[in-house]
Amino acid sequence: MVIVLSFLAPNITSQYLMSMPLQQGLVVAAIPVVFTSFGFHGSIPSIVRYLDGDVRSLRKVMIIGSALPLVIYVFWQSVTLGVVSQEQLLSDTSLGALLVSLSQTVQQSNLSVIVGVFADLALLTSFIGVSLGLFEFMGDSLSKKLGKAKRVKTAAITFLPPLGFALFYPQGFIMALGYAAIALSVLAILLPTVMVYKVRYTNFSAKPQGTEATYQVLGGSKALFLAGSVGVFIIATQILISVGLLPSLG
């Protein structure tokens, strides 16, 4: 990643970065995909188990694990969008065309190979990271039905379907990310919001006096309302894309 940035950064054109999207609504339409790209929430139960529920360690993992990909993502978007014009990007949206454009701009023939390796590693780590939570869930849900070689069977159930989808319908990756945003919004935003509200306010009166206080995120009911509103907004955005009122990225 550092090598790629060192090649591309000196060739950034401020005019490319400051130009507005060529099509209206693209910024809003990208929200479901961006949200799902950072959707590590399905792995949280596994992380909690690995760290034995230690709140301090979990806080560090969540902050660092979220901030590091965000920084890399911002740098990557800056150098790619700053080196290649939107017209070039829209003329051919495939990864191969992007690599060719970047290589021609910086006049480095080896750049396409380096970026290709980086992209493959990014997809691989994303595949493994997102599947971690699903692997644990499937293992717990089907533990009584799988019999012998549980982990091998669980791995097959978890990894083979998305692998087949990626191999035989690669152009559906962006589309799947968009629709996955609806399920992830329910799983990672709406459901936790309702659960927290129920624990804080509905069951508060039933809590025995003198019970030790548990960990609680700051913000109160306003933060819960804001989080729920964001989840509803993401779902509404994907629905608008599906019915054609917003442009599709895929």
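Residues numbered from 1 in each chain as written. Predicted model: local features only at pLDDT ≥ 70, side-chain atom pairs only at ≥ 80, totals over all residues. Heavy atoms only, no water.

Inclusion rule: UniProt positions are given in the numbering used here, feature names are shortened, and annotations may be inferred rather than shown by experiment.
The chain carries the name Tyrosine transporter TyrP in an unreviewed UniProt entry, which gives Parabacteroides distasonis as its organism. Under the UniProt heading Subcellular location (unreviewed entry), the note attached to the chain is "Cell inner membrane".

**Looking at the overall build of the chain**
This is how it is decided: Only runs of H or I of at least four residues qualify as helices and only runs of E of at least two qualify as strands under DSSP, and these elements are numbered from the N terminus. Only protein chains enter the accessibility calculation, which uses a 1.4 Å probe; a residue is then buried when its area is under 20% of its type maximum, exposed when over 50%, and partly exposed in between. Contacts: residue pairs with any heavy atoms within 4.5 Å of one another. Here the open area of atoms and residues is found with the Shrake-Rupley method and a 1.4 Å probe, where only the protein chains shown may cover a residue.
A tally of helices and strands in the chain yields 13 helices and zero strands. Starting at the N terminus and ending at the C terminus, the chain contains elements arranged as α-α-α-α-α-α-α-α-α-α-α-α-α. When the 250 residues of the chain are sorted by exposure, 25% land in the buried category. Contacts spanning at least 24 positions in sequence make up 72% of the contacts within the chain whose residues lie at least 6 apart. In the form shown here, the chain has an accessible surface area of approximately 16,700 Å², with 70% of it arising from carbon and sulfur atoms.

**Considerations on the confidence of the model for the chain**
The condition that has to hold: The pLDDT value tells you how sure the predictor is about a given residue, anywhere from 0 up to 100.
Taken residue by residue, the chain gives an average pLDDT of 78. The fraction at 70 or more is 84%. Ranking the elements of the chain by mean pLDDT puts helix H10 (residues 143–146) last with 68 and helix H13 (residues 220–242) first with 90.

**Considering H13**
Along an α-helix, residues three or four positions apart point the same way, because every turn accommodates 3.6 residues. Worth spelling out the cut-off: Working rule for helices: expected span equals 1.5 Å times residues minus one.
An ideal rise of 1.5 Å per residue puts 33 Å on 23 residues; H13 measures up with 34 Å between its terminal C-alpha atoms. Residues of H13 that are buried include every one of Leu224, Gly228, Gly231, Ile234, Ile235, Thr237, Gln238 and Ile241, and no others. Phi for Gly244, located one or two positions after H13, is positive at around 90 degrees.

**A few points about the UniProt feature "transmembrane region" (unreviewed entry) in the chain**
UniProt records the feature "transmembrane region" (unreviewed entry) at residues 20–40, 61–84, 111–134, 154–170, 176–197 and 223–246, using the numbering of this structure. Split by type, residues 61–84 is 96% helix and 0% strand. Its first and last C-alpha atoms lie 34 Å apart. End C-alpha atoms of residues 223–246 are separated by 28 Å, and the span's content is 83% helix alongside 0% strand.

**A short note on the packing of helix H9 (residues 111–141) against helix H11 (residues 150–168)**
As a reminder, the rule being used: In this analysis an axis means a line fitted to C-alpha atoms, helices contributing only their contacting stretch, and an angle means the value between N-to-C directions, from 0 to 180 degrees. Roughly parallel covers angles under 35 degrees, roughly antiparallel covers those over 145, roughly perpendicular covers 65 to 115, and oblique covers all other angles. Throughout, a crossing is termed right-handed when the near helix is turned clockwise from the far one, and left-handed when it is turned anticlockwise from it by less than a right angle. Amino acid classes used here: Ala, Val, Leu, Ile, Met, Phe, Trp, Tyr, Cys and Pro are nonpolar; Asp, Glu, Lys and Arg are charged; the rest, including Gly, are polar.
Orientation of H9 relative to H11, taken along the N-to-C sense of each, is 135 degrees, at an axis distance of 9 Å. For the element pair H9 / H11, the angle class is oblique. The hand of the H9/H11 crossing is right-handed. Residues Phe127, Ser131, Leu134, Phe135, Met138 and Gly139 of H9 touch H11, and the partners they reach there are Arg151, Thr154, Ala155, Ile157, Thr158, Phe159, Pro162 and Leu163. Considering only residue class, the contact of H9 with H11 consists of nine nonpolar, four polar and one charged.

**Here's the deal with a nonpolar patch on the surface**
Basically, it comes down to this: Residues qualify for a patch when their relative accessible area is over 30% and they have no salt bridge, like charges being joined within 9 Å and the nonpolar side chains of Val, Leu, Ile, Met, Phe, Trp and Tyr within 5 Å. Salt bridges are counted wherever a side-chain nitrogen of Lys or Arg sits within 4 Å of a carboxyl oxygen of Asp or Glu.
On the surface, Val113, Val117, Leu121, Leu124 and Ile128 cluster together into a nonpolar patch covering about 450 Å² of accessible area. Along the chain, Ile128 falls in helix H9.

**A short note on the environment of Val33**
Along the chain, Val33 turns up in helix H4 (residues 31–37). In this structure the C-alpha to C-alpha distance between Val33 and Ala181, which are 148 residues apart in sequence, comes to 6.9 Å.

**Comments concerning unusual backbone geometry**
Phi at Asp52 takes a positive value of approximately 55 degrees, unusual for a residue other than glycine. Along the chain, Asp52 falls in the loop between helix H5 (44–50) and helix H6 (55–83). On the basis of relative accessible area, Asp52 is assigned to the exposed category, the value being 72%.

**A few points about the packing of aromatic side chains**
What counts is decided by this rule: Here a pair means two rings of Phe, Tyr or Trp (six-membered ring of Trp) with centres within 6.5 Å. Their orientation is stacked below 30 degrees between planes, edge-to-face above 60, and tilted elsewhere.
Across all of its chains, the model carries two aromatic pairs by this definition. Measuring from centroid to centroid gives 5.6 Å for Phe165 and Tyr169, while their planes differ by 85 degrees, and the two rings are edge-to-face. On the basis of relative accessibility, which here comes to 35%, the residue Phe165 falls in the partly exposed class. Take Tyr169: its relative accessible area is 33%, and that puts it in the partly exposed class.

**Quick word on H11**
Condition: Bend at a given residue is defined as the angle between two axes, one fitted to the seven residues that end at that position and one fitted to the seven that begin there.
The first and last C-alpha atoms of H11 sit 27 Å apart over 19 residues, in line with the 27 Å expected at 1.5 Å per residue. The axis of H11 is deflected most strongly, by about 30 degrees, at Phe159, and proline Pro161 appears within four residues downstream.

**So, the side chain of Ser185**
Put simply, the test is: Two N or O atoms form a polar contact when they lie within 3.5 Å of each other; inside protein one atom must be a possible hydrogen donor and the other a possible acceptor, and for residues adjacent in sequence the pair counts only when both atoms belong to side chains.
Its place among the elements puts Ser185 in helix H12 (residues 172–202). Ser185 gets classed as buried once you look at its relative accessible area, which sits at 0%. Here Ala181 takes part through its backbone oxygen, which lies 2.6 Å from a polar atom of the side chain of Ser185.

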